[in-house]
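# Reading the structure
Okay, here's what each chain looks like letter by letter:
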Amino acid sequence: MGNLIGRKTTVIEDTYTPKCCKCGRLLEDSSADTSFEYYELSSCSHLICTDCFKEHAEIEYGVKQLVDCPKCGRIVHEEEIEILLSEEWEEMVEELEDEKTEINEGFVRCRCGEEVEVKNKKVNYNLKDEEGYPVSKEASECYAKYRTKCNQCNDELCGKCMLTPFHLGFTCSQYREYIESEKCRYCGYPVKKKRKKGILQFVCSKFECKNIAKHSCSEILDCGHVCRGVRKEEECLPCLEADCVERNEKATLSENTMSNCTICFTDPLGQLPCVQLECKHIFHAECLEKKVEMKWAGPRIHFSYKKCPACKADISWCSHKRIDRMIQEANELEEKVRVKAIERGKAEGIDKDERLRDEQNEFFGRYEEYCLDRLAYYICHNCNDVYYGGMRECGNAIENQDDYDPTDYICGECKLENYAGKANCDIHGDQFIEWKCRYCCNYSRWFCFGTTHFCNRCHSHLKKTIYKCPGPPQCQIKMEHPSDGKEFAMGCGMCKNQRVENM
């Protein structure tokens, strides 16, 4: 249907049921034997039936001396109207000219039918438009000479071009040129220099818009609209123009160029290149890229950043190559954490937790998910590898802090450079290393915050009170160690248990 632009035709089969944008009448009725003639306007591709267009054109041209789309307001060019209405258009123009001669000089007819006097007023050269910008000298003089107000309906109109409301900030010719010009696909300003193809097609001369265009897809879709995706994307987005979205709302979940990006909540989707996820939600590519790149908040690893911001479904693929690469890296990291958590969960006794066997519990029969929920993992500042950092509930207080020091988070193997003891096993790595309590001479039973080992006593109050070692034979760990207040590794607990079993 999108290729039948600016000409009269009859309804053809399509994937949607076309309807008139003015009266809403279905243009294709499977229960009827007849079909209706309709127009597809070249300015916006909206469909309007013959009767509605004739009636609309007669009213609009009689008031404004121009015809716009009744749905979106885009101007229909006079050349197109002449083709669509042919002789009827000529008669309409002649009748309008006859009506003008019947109106008293110095008066115009408002669209409500009332005659309105046009008075020349004093020029205000300090006039500002609706957005607060200064109005040019020519536009200020036009405002003083032709702007008038109907006492019957209170509409402001132009006594020269008959436009309602008055075109504040423009002369009549300037406004006509503005509304008939191509608009920038990003900011909506007129495009003075038309380009037939390339990334600068439908882009104005502003530096910001040109810069955005360099990162945008320049493909023209089958409907005739430009793609709103990113440059060199693997697959173009569905069309985001409102009329195309209306025809196939499922393709974009009803989101169009005027829908806000639900990450930044600042700019409409149409103002920046966009990406669509498998769940069909659409976001600014720049916003989604920043969100994925920032990863998680706080020191503990979690993977909410690789989920759709709208529906929380996992992002498994994205047409944006850099975002897709970061998602694949996140998937690899998640798998690494999952494998470590499953093994560590058994050492911590999580596999014996009663909640896994309670049918009323959310983690019933979900051992892997329970391990990921209970155990905290961090990224080592030195080697950038994943390491176990204790139970998650101990680190809740600092989980979302932004002012944490990443240099405090060091895995057991890297701690060998700074701390005494054996923090790595040739067989089991650093997974089952036993540590002395940092603040006394007991075996640690807790590893908290990803940085500190505690025994039960010190963990119960989490006070950093250093207890002096009583010396042998009273020392509980029965080995030489540095003074309390420092981390100390005592070797692999798994290997120690296996040696005891073999004795």
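Report follows, based on the coordinates. As the structure is a computational prediction, the values presented were derived from the model and not from experiment. (Residues numbered from 1 in each chain as written. Predicted model: local features only at pLDDT ≥ 70, side-chain atom pairs only at ≥ 80, totals over all residues. Heavy atoms only, no water.)

So, on to the packing of helix α8 (residues 285-294) against helix α9 (residues 321-347). Between α8 and α9, the shortest axis-to-axis distance is 10 Å and the interhelical angle comes to 25°. In terms of orientation, α8 lies roughly parallel with respect to α9. Regarding α8 and α9, the two cross each other, and that crossing is left-handed. On the side of α8, the interface is formed by Ala285, Leu288, Glu289, Val292 and Glu293, while α9 contributes Arg322, Ile323, Met326 and Ile327. (Axes fitted to C-alpha atoms, helices over the stretch in contact; angles between N-to-C directions. Helix = DSSP H or I, 4+ residues; strand = E, 2+ residues; numbered from the N terminus. Parallel < 35°, antiparallel > 145°, perpendicular 65-115°, else oblique. Left-handed = near helix turned anticlockwise from the far one by under 90°. Contact = heavy atoms within 4.5 Å.)

Attention now goes to the nonpolar core. Inside soluble globular proteins, nonpolar side chains tend to come together where they are buried. Counting 46 residues, the largest nonpolar core has Ile301, Leu333, Leu375 and Tyr377 as its most contacted members. Secondary-structure elements contributing two or more residues to this core are β10 (274-276), β11 (282-284), α8, α9, α10 (367-374), β12 (375-379) and β13 (386-391). Here this core gets eight residues from one element, more than from any other, and that element is α9. Core analysis: the next-biggest nonpolar cluster, separate from the first, contains 19 residues, Tyr39, Ile48, Cys52 and Val76 among them. (Core = buried A, V, L, I, M, F, W, Y, C linked by side-chain atoms within 4.5 Å. Buried < 20%, exposed > 50% of the residue type's maximum accessible area, 1.4 Å probe, protein only.)

Another point: the pattern of salt bridges. Under the defined criterion, the tally for this structure stands at 18 salt bridges. The salt bridge involving Arg374 is made with Asp353; its shortest N-O contact spans 3.4 Å. Highlighted residues: Arg374 in helix α10 and Asp353 in the loop between α9 and α10, separated in sequence by 21 residues. Taking the relative accessible area as the measure of exposure, Arg374 reaches 14% and is therefore buried. (Salt bridge = Lys/Arg side-chain N within 4 Å of Asp/Glu carboxyl O.)

So, on to the side chain of Glu241. Note that Glu241 resides in the loop between α6 (207-213) and α7 (242-247). Look past the residues within four positions of Glu241 in its chain and what remains in contact with it is Arg74, His225, Arg228 and Thr257.

Turning next to empty space enclosed by the protein. Empty space left among the atoms is revealed by rolling a probe the size of a water molecule over them. Inspection of every chain in the model, using the stated rule, returns one cavity of 30 Å³ or more. For the largest cavity, the full set of lining residues is Arg185, Tyr186, Ser216, Cys227, Arg228, Gly229, Gly270, Leu272 and Pro273. (1 Å grid on protein atoms, 1.4 Å probe; cavity = no way out; pocket = protein on both sides within 12 Å on 5 of 7 lines; lining within 4 Å. Points joined across faces, edges and corners; volume = space filled by probe spheres on them.)

So, about the packing of aromatic side chains. In the structure shown here, the tally under the stated rule is eleven aromatic pairs. Aromatic side chains Trp296 and Tyr305 sit 6.0 Å apart centroid to centroid with 55° between the ring planes, which places their arrangement in the tilted category. Using a relative accessible area of 14% as the deciding quantity, one classes Trp296 as buried. Grouped by ring-pair contacts, the aromatic residues Phe170, Tyr175 and Tyr178 constitute a single cluster. (Phe/Tyr/Trp six-rings, centres within 6.5 Å; stacked < 30°, edge-to-face > 60°.)

Okay, the pairing of β13 next. Among the six residues of β13, six are classified as buried, and the element is accordingly described as predominantly covered. Where β12 meets β13, four bridges bridge the pair, whose relative direction is antiparallel. For Leu375, the partnering residue across the bridge sits in β13 and is Met391. Count of turn residues in the β12/β13 antiparallel hairpin: six residues, of which Asn384 carries a positive phi of about 65°. (Pairing = 2+ DSSP bridges.)

Moving on to the environment of Cys20. Inspection of the secondary structure assignment puts Cys20 in the loop between β1 (8-10) and β2 (37-40). For Cys20, a relative accessible area of 3% translates into the label buried. Separated by 26 residues in sequence, Cys20 and His46 place their C-alpha atoms 8.1 Å apart.

Moving on to the state of the cysteines. Tallied over the entire structure, the rule returns zero disulfides. This cysteine, Cys184, is not joined by any disulfide, and Cys204 carries the nearest cysteine sulfur, 3.7 Å off. Classification of Cys184 as buried rests on a relative accessible area of 4%. Of the cysteine sulfurs around Cys455, a residue in no disulfide, the closest is that of Cys440, at 3.5 Å. (Disulfide = S-S within 2.5 Å.)

Attention now moves to helix α2 (residues 78-85). Where α2 is concerned, the buried positions are Glu80, Ile81, Leu84 and Leu85. Along α2, the residues classed as buried sweep out an arc of 110° about the axis, all on the same side. Turned more than 90 degrees away from the buried face of α2 sit Glu79 and Ile83, all of them exposed. (Arc of directions from axis to C-beta.)

A few words now on the pairing of β2. Both β2 and strand β3 (residues 47-49) contribute to a ladder of three bridges, which runs antiparallel. Each bridged residue has a counterpart across the sheet, and for Glu40 the counterpart in β3 is Leu47. Taking the residues that link successive antiparallel strands as the turn, the β2-β3 hairpin has six residues, and the phi of Ser45 there is positive, at about 70°.

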